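# Residue-level structure breakdown
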Amino acid sequence: MTTETTNPTLLKQNYHSRKSNQNYMSVSLFKNFVECEAKTIAKLKGEYVESTTNALLVGSYVHAAFEDEEAFNQVVEENSDAIFKKRGGKYADFEQADRMIETLKNDKFAMFALEGEKEQILTADLFGVPWKIKVDSINHDRKTFSDIKTTQDLYKRYWSVKYDGWVSFIEKWDYVLQMAIYRKVIAENVGEMYTPYIVAVTKENPPNKAIVHFDESRFDFEYEWAEMKLNRILQVRNEEVESERCNKCDYCRRTKQLNGTIEVGALLYE
C-alpha cells in the first residue's frame, strides 16, 4: 500500500475514495489510524466497509444544507429510505436536523461566519507527507474559514487520554487538530495563515448554537502531536510494520478471536 509518486487529482467525486486515501493523508484518516490501525488498514485494502451511522448521515444532511441546493437534494435522494418514513414524514433524527438547519439559517452572525466558497479541496505537503482537506466555507477576502459541527450539547465534558484531562466536544473529536492542519494546508496554498472558526449546533430541542474561535497557542501542541504520531502511521500504512488492533471498535469486535483470559483490572485500563 505504498504511496505512489504521482497522486491523483482530487475532485468531489473521488475525494473520499480508497485510492485517494492511499495516496493522501487527511485528518479523518489520521484519526482513524490513531483509533484503530487494524480497522483502518482493512478499510484501505477494501476488506472492510464501515456501515453509515445515523449520526454521520445527520451530519452530512446538515452540512449539505449549507453547501447548495443540488448537494442537499443529492443527500436526500441517496438516503431517502433512512430519512423518510414509509407512511410519510421524516424520522425524528431528521426532523431534528431540520430544526438545527433552521437555527443556523435564522442567525445572522452564524450565516456571516459561513460566508465564502463552499467545499473547496486543497492539498499540500506537511511533515513530508501529502495531505488533502475539504473546507466547508473559506472566505479569502476576510482570510477566514469555518466548519459546521453538530454535537449533543455544547457544554458536555469528556475525559481525554490525549490531553490528560476533561475536555469539550471540540477537543474530544480532535477538531483542534483539524483546524490546525487545515490552516497549514491553506497557508501552503495562499501564503497566509487564515483564522478558523467552528459553527456548532446541538441536537437538543430547541437546538443550541455557538461560533467557536481558537487561541493560536493550541495549535502548537497539535502539530507536535501529529508529527509524533505520523511516523508510526506511515509505517503501518506502507505495511512496514504490522497494524495493531484496538479490540474495541466494530471491526475488532466482528473479527475478534479469543485466545486467553483477562484479569478484572484490564476491563478498566485496556
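This text gives an overview of the structure that appears in the document. (Residues numbered from 1 in each chain as written. Predicted model: local features only at pLDDT ≥ 70, side-chain atom pairs only at ≥ 80, totals over all residues. Heavy atoms only, no water.)

A count of helices and strands for the chain gives 13 helices and seven strands. When burial is assessed residue by residue, the chain has 42% of its 270 residues classed as buried. Restricting the contact set of the chain to residue pairs at least 6 apart, pairs at least 24 apart contribute 63%. About 15,800 Å² of surface is accessible on the chain, with carbon and sulfur atoms providing 47% of the total. Separation between the mean location of the 37 positive side-chain charges and that of the 44 negative ones in the chain comes to 5 Å. (Helix = DSSP H or I, 4+ residues; strand = E, 2+ residues; numbered from the N terminus. Buried < 20%, exposed > 50% of the residue type's maximum accessible area, 1.4 Å probe, protein only. Contact = heavy atoms within 4.5 Å. Areas by Shrake-Rupley, 256 points an atom, 1.4 Å probe, with all protein chains shown as cover. Lys, Arg positive; Asp, Glu negative; His and termini not counted. Charge placed at Lys NZ, Arg CZ, Asp CG, Glu CD.)

With that settled, the discussion passes to the packing of helix 4 (residues 54-65) against helix 7 (residues 92-105). Contact geometry for helix 4 and helix 7: axes closest at 10 Å, N-to-C directions at 35°. Relative to helix 7, the crossing made by helix 4 is right-handed. Judged by residue contacts, Asn54, Leu57, Val58, Tyr61, Val62 and Ala65 of helix 4 engage Asp93, Phe94, Ala97, Asp98, Ile101 and Lys105 from helix 7. Looking at the contact of helix 4 with helix 7, its residues break down into eight nonpolar, one polar and three charged. (Axes fitted to C-alpha atoms, helices over the stretch in contact; angles between N-to-C directions. Left-handed = near helix turned anticlockwise from the far one by under 90°. Nonpolar A, V, L, I, M, F, W, Y, C, P; charged D, E, K, R; others polar.)

With that settled, consider the environment of Lys143. By secondary structure assignment, the location of Lys143 is in the loop between strand 2 (129-139) and strand 3 (144-151). For the pair Lys143 and Val167, spaced 24 residues apart in sequence, the C-alpha to C-alpha distance is 28 Å. Ignoring sequence-local partners within four residues, the contact set of Lys143 consists of Glu192, Tyr194 and Thr195.

To continue, consider helix 5 (residues 69-78). Along helix 5, the residues that are buried comprise Ala71, Val75 and Val76. The buried residues of helix 5 occupy an angular sector of 135° when projected down its axis, which confines them to one face. Turned more than 90 degrees away from the buried face of helix 5, the exposed residues are Glu69, Glu70, Glu77 and Glu78. Looking at the packing, one finds that the buried side of helix 5 touches helix 4 and helix 6 (80-83). Put simply, Asp68 is the residue that caps the front of helix 5, since its side-chain oxygen is 3.2 Å from the backbone nitrogen of Glu70. (Arc of directions from axis to C-beta. Polar contact = N/O pair within 3.5 Å; in protein donor to acceptor, adjacent residues only side chain to side chain.)

Moving on to the environment of Phe109. With respect to the secondary-structure elements, Phe109 resides in helix 8 (residues 108-113). In sequence terms Phe109 and Phe145 are 36 residues apart; their C-alpha atoms lie 14 Å from each other.

Right, let's get into the pattern of salt bridges. Oppositely charged side chains can pair when the atoms bearing their charge come close. Per the counting criterion, the structure on display carries 17 salt bridges. A salt bridge links Lys12 to Glu67, with the shortest nitrogen-to-oxygen separation between them at 3.0 Å. Residue Lys12 is found in the segment before helix 1 (18-23), and its partner Glu67 is found in the loop between helix 4 and helix 5; the two are separated by 55 residues along the sequence. Each of the salt bridges in this network shares a partner with another, and the network as a whole consists of Lys39, Lys43, Glu50 and Asp250. (Salt bridge = Lys/Arg side-chain N within 4 Å of Asp/Glu carboxyl O.)

Moving on to the sheet that holds strand 2. Pairing in this open sheet of five strands is mixed, and the strands run 1-2-3-6-7 from one edge to the other. Two strands close off the open sheet at either side, each with one partner strand: strand 1 (117-126) and strand 7 (209-212). Averaged over all pairs of adjacent strands, the angle between their axes in this sheet comes to 35°, without regard to strand direction. The pairing of strand 1 with strand 2 spans nine bridges and is classified as antiparallel. (Pairing = 2+ DSSP bridges.)

Following Asn205, the chain continues into Pro206 via a peptide bond in cis, with omega recorded as 0°. Tracing the backbone shows Pro206 in the loop between strand 6 (195-202) and strand 7. You will see that Asp174, though not glycine, has its phi angle at about 60°, which is positive. Among the structural elements, Asp174 can be located in the loop between helix 9 (169-172) and helix 10 (175-190). Residue class for Asp174 comes out buried when judged on its relative accessible area of 12%. Positive phi is not limited to glycine here, since Asn247 has a value of about 60°. Turning to its location among the elements, Asn247 is positioned in the loop between helix 11 (217-237) and helix 12 (250-255). Taking the relative accessible area as the measure of exposure, Asn247 reaches 41% and is therefore partly exposed.

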